[in-house]
Amino acid sequence: METFNSDPKPGRIVLPLVLIGMIATTYTFINRVATNNDLEIVTEDTTVTTTEELVTEETTTSTTTTTLPENYVAYLEEITAEKIQATELGKKVLEANQNWDDKTVTYQEAKQEFAAFIEDAEEFVVTVTDPGPPNEYANLVTSHEELKTLVNLIAADTVELLAGLESSDKGEQRAAALDSFNKNLDQFIKRVEEIVAAATSS
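Residues numbered from 1 in each chain as written. Predicted model: local features only at pLDDT ≥ 70, side-chain atom pairs only at ≥ 80, totals over all residues. Heavy atoms only, no water.

Caption draft 1: Representation of the overall build of the protein chain within the structure. Counting its secondary structure elements, the protein chain contains five helices and zero strands. Looking at the protein chain as a whole, 26% of its 202 residues are labelled buried. When the accessible area of the protein chain is evaluated, it comes to approximately 14800 Å², of which 55% is carbon and sulfur surface. (Helix = DSSP H or I, 4+ residues; strand = E, 2+ residues; numbered from the N terminus. Buried < 20%, exposed > 50% of the residue type's maximum accessible area, 1.4 Å probe, protein only. Areas by Shrake-Rupley, 256 points an atom, 1.4 Å probe, with all protein chains shown as cover.)

Caption draft 2: Structural view of the packing of helix α2 (residues 70-101) against helix α4 (residues 138-166). The contact between α2 and α4 brings their axes to 13 Å, and the two run at 15°. Judged on the interaxial angle alone, α4 and α2 are roughly parallel. Seen along the crossing, α2 lies across α4 with a hand that is left-handed. Along the contact surface, α2 presents Y72, Y75, I79, L89, V93 and W100, while α4 presents N139, L140, H144, L147, I154, L161 and L165. (Axes fitted to C-alpha atoms, helices over the stretch in contact; angles between N-to-C directions. Parallel < 35°, antiparallel > 145°, perpendicular 65-115°, else oblique. Left-handed = near helix turned anticlockwise from the far one by under 90°. Contact = heavy atoms within 4.5 Å.)

Caption draft 3: Expanded view of the pattern of salt bridges. In this structure the tally under the stated criterion is nine salt bridges. Between K92 and D120 there is a salt bridge, with its nearest N and O atoms 3.4 Å apart. Of this pair, K92 sits in helix α2 while D120 sits in helix α3 (residues 107-129), and the two are 28 residues apart along the sequence. Using a relative accessible area of 42% as the deciding quantity, one classes K92 as partly exposed. Ionic pairing is found between D179 and K183, a salt bridge with its closest N-O pair at 3.3 Å. Within this pair, D179 and its partner K183 are both found in helix α5 (residues 172-201), separated by four residues, close to a single helical turn. In this structure D179 comes out as partly exposed when scored by relative accessible area, which is 39%. Through salt bridges with shared partners, a single ionic network connects E146, R191 and E194. (Salt bridge = Lys/Arg side-chain N within 4 Å of Asp/Glu carboxyl O.)

Caption draft 4: Here's a closer look at the nonpolar core. With 37 residues, the main nonpolar core has L76, I79, V93, F114, L147 and F188 as its most contacted residues. Sorting the residues of this core by element identifies α2, α3, α4 and α5 as the ones contributing at least two each. Ignoring anything within four residues of it in the chain, the contact list for L76 reads L68, I195, V196 and A199. (Core = buried A, V, L, I, M, F, W, Y, C linked by side-chain atoms within 4.5 Å.)

Caption draft 5: Quick look at the packing of aromatic side chains. Here the structure, examined in full by the defined rule, presents four aromatic pairs. Consider the rings of Y72 and Y137, whose centres lie 4.8 Å apart with planes at 70°: the pair is edge-to-face. Of the two residues, Y72 is situated in helix α2 and Y137 in the loop between α3 and α4; the sequence distance between them amounts to 65 residues. For Y137, a relative accessible area of 16% puts it in the buried group. Over the ring of W100 we find K103; its NZ or CZ atom is 3.7 Å from the centre of that ring. (Phe/Tyr/Trp six-rings, centres within 6.5 Å; stacked < 30°, edge-to-face > 60°. Lys NZ or Arg CZ within 6 Å of the ring centre and 35° of its normal.)

Function-wise, these values are silent; they only describe arrangement.
Right, here's the structure in full:
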């Protein structure tokens with residue numbers, strides 16, 4: 001009677017034995033060759049170096065500069081000069097009014113000074129009114145109308161200042177005129193600054 005192997009997969013035992021035999025034979029062969037030929041077996045370590053490249057992205061911001069037309073710039077320079085003129089007029093009026101309050105000038109001297117302010121203000125109205133901005137710039141034309149309104153109010157205030165000086169009251173009319181003059185003058189100066197700022201920041 002035949003005896004059958006109870007292990008259905010005998011290769012599981014045979015295969016490892018074959019592999020061990022091959023490894024032992026290879027090892028013995030290499031050692032003999034190295035010994036007979038005086039060879040030195042060198043184990044080489046291979047080191048793999050990985051270099052990471054850092055990429056820096058640069059963001060460039062470009063600024064666009066808008067060049068204003070020459071006639072536009074000329075108008076801005078014109079009203080800036082008028083703002084300086086308005087400031088000087090305001091200083092002279094305040095000084096003359098203070099001199100009268102302090103009685104450091106005679107009534108006749110104060111009257112002459114206040115009358116001179118009326119002439120200065122009338123000339124200032126002409127200066128501001130003409131030539132004005134170039135007609136092709138609607139925003140400047142509209143703003144210039146505001147300046148003309150304010151400068152005419154300033155001129156009217158100088159007339160009231162003289163009338164207040166000549167009044168028989170205790171100075172109430174002159175004080176009210178001076179207050180109106182200062183407010184209108186400040187608004188004129190502020191409006192000029194706004195026009196220039198709007199033009200240069202766009």
